[in-house]
Amino acid sequence: YRDDDDINDVASMAGVNLNEESARIMATNSDLVGTQIQSCKDEPFLAAIPLHKRILETAKKLGITDVPAEVVTFISHATQNRLRTVIEKVTVITQHRMESYKDDEWYEQATDVRSQLKFFEQLERLEKQRKDEQEREILLKAAKSRSRQEDPEQARLKQKAKEMQQQELAQMRQRDANLTALAAIGPRKKRKLDSPGLLAIGGEGLGVSGGGQPGLGTPSSRQYARQKITRVNLRDFIFYMEQERETSRSLLLYRALLK
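Everything quoted here is computed from the prediction, not taken from an experiment.

> Describe the overall build of the chain, and please don't skip the residues or the numbers.
Each helix and strand in the chain was counted, giving 8 helices and 2 strands. Counting only residues that meet the buried cut, the chain has 12% of its 259 residues in that class. Taking as baseline every contact in the chain between residues at least 6 positions apart, the subset at least 24 positions apart corresponds to 41%. When the accessible area of the chain is evaluated, it comes to approximately 24,200 Å², of which 54% is carbon and sulfur surface.

> Explain helix H7 (residues 234-243) to me, and be specific about the residues and the numbers.
Buried within H7 are the following residues: Asp236, Ile238, Tyr240 and Met241. Contacts from the buried residues of H7 go to helix H4 (69-98) and helix H8 (251-258).

> How would you sum up the packing of helix H3 (residues 48-61) against H4? Please name residues and give values.
Between H3 and H4, the shortest axis-to-axis distance is 10 Å and the interhelical angle comes to 105°. Taken together, the axis directions place H3 and H4 in an arrangement best described as roughly perpendicular. The segment H3 lies against H4, with Ala48, Leu51, His52 and Ile55 engaging Val72, Ile75 and Ser76. Residues belonging to the contact of H3 with H4 are distributed by class as follows: 5 nonpolar, 2 polar and no charged.

> I'd like a rundown of the nonpolar core, residues and numbers included.
Core analysis: the largest hydrophobic core is formed by 8 residues, namely Val86, Val90, Ile93, Ile238, Tyr240, Met241, Leu253 and Ala256. Setting aside anything within four residues of it in sequence, one finds Ile238 in contact with Leu253, Ala256 and Leu257.

Thresholds, definitions, all that
Residues numbered from 1 in each chain as written. Predicted model: local features only at pLDDT ≥ 70, side-chain atom pairs only at ≥ 80, totals over all residues. Heavy atoms only, no water. Helix = DSSP H or I, 4+ residues; strand = E, 2+ residues; numbered from the N terminus. Buried < 20%, exposed > 50% of the residue type's maximum accessible area, 1.4 Å probe, protein only. Contact = heavy atoms within 4.5 Å. Areas by Shrake-Rupley, 256 points an atom, 1.4 Å probe, with all protein chains shown as cover. Axes fitted to C-alpha atoms, helices over the stretch in contact; angles between N-to-C directions. Parallel < 35°, antiparallel > 145°, perpendicular 65-115°, else oblique. Nonpolar A, V, L, I, M, F, W, Y, C, P; charged D, E, K, R; others polar. Core = buried A, V, L, I, M, F, W, Y, C linked by side-chain atoms within 4.5 Å.

Right, dumping it as structure tokens:
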């Protein structure tokens, strides 16, 4: 202790060296020493003059003739806060909608609507194919019949069978022509997009030799990362309005549901 008789020196009695503590604080917060902090200018979110006119128009209907500037600033900040809250909630709803749980081990798929729709489409395709085959057999039988007394219905069936055979023949010729053209062209070669010295500009690759001049196509070229964009649609807004107490029974929600 500096002086055992000095009972007013509480720091010394507690064993605290003020000089060491001051030096330690100065070394820790050296970047903050000497800086001056002041509040920023309060800038309204909405344009003050049009908002003031709109508030005055509403206030005159209620018998109010004077609206101070502080009220306009307060309403502007309240609008900004409300808009920020709405955007944050709708963004969370959109992110939940875009989440996929297929690869999550804690979830298992119970129903697959897409596979069910594909199954029904395949059934309809098979049913249509079966009906076409039946109609084709009827037309072929009508075309092979050699009865002397033919009625108009028999003649119509023969004409339809003849048209069907011509259409099938044209389809076979077109398919053979396509196969011949593909065989003449040969297998399609894929471009090597991952090779060094290849720069994609406008969707086309430009090759540059490895020992060429620095510039386009060099490994040191700057690569810009694509920013992830969250796209909010009308369905997300409708879901948000259905969950909120203020908008769950509003006219705006009914108008959105009618769109």
